[in-house]
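One letter stands for each residue in the lines below.
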Amino acid sequence: QKEVEQDPGPLSVPEGAIVSLNCTYSNSAFQYFMWYRQYSRKGPELLMYTYSSGNKEDGRFTAQVDKSSKYISLFIRDSQPSDSATYLCAMSGTGSARQLTFGSGTQLTVLP
Amino acid sequence: EPEVTQTPSHQVTQMGQEVILRCVPISNHLYFYWYRQILGQKVEFLVSFYNNEISEKSEIFDDQFSVERPDGSNFTLKIRSTKLEDSAMYFCASSANSYEQYFGPGTRLTVT
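Sequence positions are assigned chain by chain, starting from 1 and proceeding in written order. Following the order in which they are written, the chains are lettered starting with A and the ligands numbered starting with 1. Reporting in this predicted model follows two pLDDT cut-offs: at least 70 for local features of residues, and 80 or more for side-chain atom pairs to be given and counted; totals over whole chains, interfaces and linings ignore these cut-offs and use all residues. Computation of side-chain values: all heavy atoms of the structure, hydrogens and water removed.

(A) Up close: unusual backbone geometry. In this structure, the amide linkage connecting Gly9(A) to the following residue, Pro10(A), adopts the cis form with an omega of 10°. Checked against the element boundaries, Pro10(A) lands in the loop between β1 (4-6) and β2 (11-14). A cis amide bond links Thr7(B) with the next residue in sequence, Pro8(B), at an omega value of -10°. Each helix is a run of DSSP H or I of at least 4 residues and each strand a run of E of at least 2, with the numbering of both proceeding from the N terminus. By the element assignment, Pro8(B) lies in the loop between β1 (5-7) and β2 (10-13). Residue Lys70(A) is not a glycine yet carries a positive backbone phi of 55°. With respect to the element layout, Lys70(A) can be found in the loop between β7 (61-66) and β8 (71-76). We classify Lys70(A) as partly exposed; its relative accessible area is 25%. Think of it in three bands: residues with accessible area under 20% of the maximum for their type are buried, residues over 50% are exposed, and the middle band is partly exposed, with areas taken using a 1.4 Å probe on protein chains only.

Structure (structure tokens):
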């Protein structure tokens, strides 16, 4: 079983739709949960992080973590064509420097 | 807004040659990382560096790899004798707190 699993998509939605992106994981030691956005051939851009379980909101983005189910989600409200990118979930545990373990990414296209 | 920078953006080298990839982390950050992404695959952790020493490294980071922080601003990754399978995007990241990791734009390494 892979440590972090993410549906690669591709996911295509109309502008204004609510987008739901998800990851599951197997390692109970993960404590920090991140979402990154990556445009083609660019570096990952940190969108949000959450510590342990719960929700976090930042503008149009909401991150949810359910540690009991080992399941995390990112919701994008009122999606825009500029949101078109690959979205990566990443997680880290309690190691001193908290190396990140990434999902494979979900490719999202928001159609105008 | 401060950002991580990396040079060069693209490096082409012949198998067996040494390469040095350079990074300038965000200035007040304390944790430094190298990740790589082979085309079409996940972002993978290579090594983390804190307090002037390696804190964690992955199985990928074998004796062919080394890291250095030669001065107060640069962070380098050296590959001593490149192999074809080292071809990838190499990302440097830095963090003030170890969990919010900010990535640079990457160096595309092509080994021929």
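(B) The arrangement of the sheet that holds strand β3 (residues 19-24) of chain B in detail. All names here are of chain B. We call two strands paired when DSSP finds no fewer than two bridges between them. Here we have four strands laid out as an open sheet, ordered β1-β3-β8-β7, and antiparallel in their pairing. The open sheet has two edge strands, β1 and β7 (65-68), and neither has a second partner. The average angle at which neighbouring strand axes cross in this sheet is 20°, direction not considered. Here five bridges tie β3 to strand β8 (residues 75-79), and the two strands are oriented antiparallel to one another. When the bridges of β8 are listed, Ile20 appears paired with Lys78. With axes taken as lines fitted to C-alpha atoms, and helix axes fitted only over the stretch in contact, angles between N-to-C directions fall between 0 and 180 degrees.

(C) Seen up close, the packing of aromatic side chains. Aromatic rings from Phe, Tyr and Trp, with only the six-membered ring used for Trp, were paired whenever their centres fell within 6.5 Å, and each pair was classed as stacked if the ring planes differed by under 30 degrees, edge-to-face if by over 60, and tilted otherwise. Scanning the model with the defined rule gives 18 aromatic pairs over all chains in all. The interplanar angle of 45° and the centroid separation of 5.6 Å between the aromatic rings of Tyr36(A) and Phe102(A) together place this pair among those described as tilted. Within this pair, whereas Tyr36(A) is found in strand β4 (residues 32-38), its partner Phe102(A) is found in strand β10 (residues 101-102), the two being separated by 66 residues in sequence. Per residue, the accessibility class of Tyr36(A) equals that of Phe102(A), and both read buried. When the centroid spacing of 5.9 Å and the interplanar angle of 25° are considered together, the rings of Trp34(B) and Phe75(B) count as stacked. Residue Trp34(B) is located in strand β4 (residues 31-37), and its partner Phe75(B) is located in strand β8; the two are separated by 41 residues in the primary sequence. Through a chain of ring-to-ring contacts, the aromatic side chains of Tyr36(A), Phe102(A), Tyr33(B), Tyr35(B), Phe45(B), Phe91(B) and Phe103(B) assemble into a single cluster.

(D) Looking closely at the interface of chain B and chain A. Residue contacts are counted whenever heavy atoms from the two residues lie within 4.5 Å of one another. The interface of chain B with chain A comprises 23 residues on the first partner and 22 residues on the second. Note on terms: buried area is the combined drop in 1.4 Å-probe accessible area of two parts once they are placed together, counting the loss on both. Here chain B packs against chain A, burying approximately 1,900 Å² in sum over the two surfaces, 56% of which is carbon and sulfur. For the chain B face of the interface with chain A, the top three residues by lost area are Lys42(B), Glu56(B) and Tyr99(B), together amounting to 33%. In the sections that follow, a salt bridge refers to a side-chain nitrogen of Lys or Arg positioned within 4 Å of a carboxyl oxygen of Asp or Glu. Counting across the interface, chain B meets chain A through zero salt bridges. Any pair of nitrogen or oxygen atoms within 3.5 Å is treated as a polar contact; in protein, a donor-acceptor pairing is required on top of that, and neighbouring residues in sequence qualify only through side-chain atoms on both sides. In this assembly, chain B and chain A are joined by six residue pairs in polar contact (both at pLDDT 80 or more). Those elements that provide at least two residues to the side of chain B that touches chain A are β4, β5 (43-50), β6 (53-57), β9 (88-95) and β10 (102-103) of chain B.

(E) Broad picture of the pattern of salt bridges. Residues and elements named next belong to chain A. For the coordinates displayed, the defined rule picks out four salt bridges over all chains. A salt bridge links Arg77 to Glu57, with the nearest nitrogen and oxygen atoms 3.5 Å apart. Residue Arg77 is found in the loop between β8 and β9 (85-92), and its partner Glu57 is found in strand β6 (residues 54-58); the two are separated by 20 residues along the sequence. Judged by relative accessible area, Glu57 falls into the exposed class, the value being 59%.

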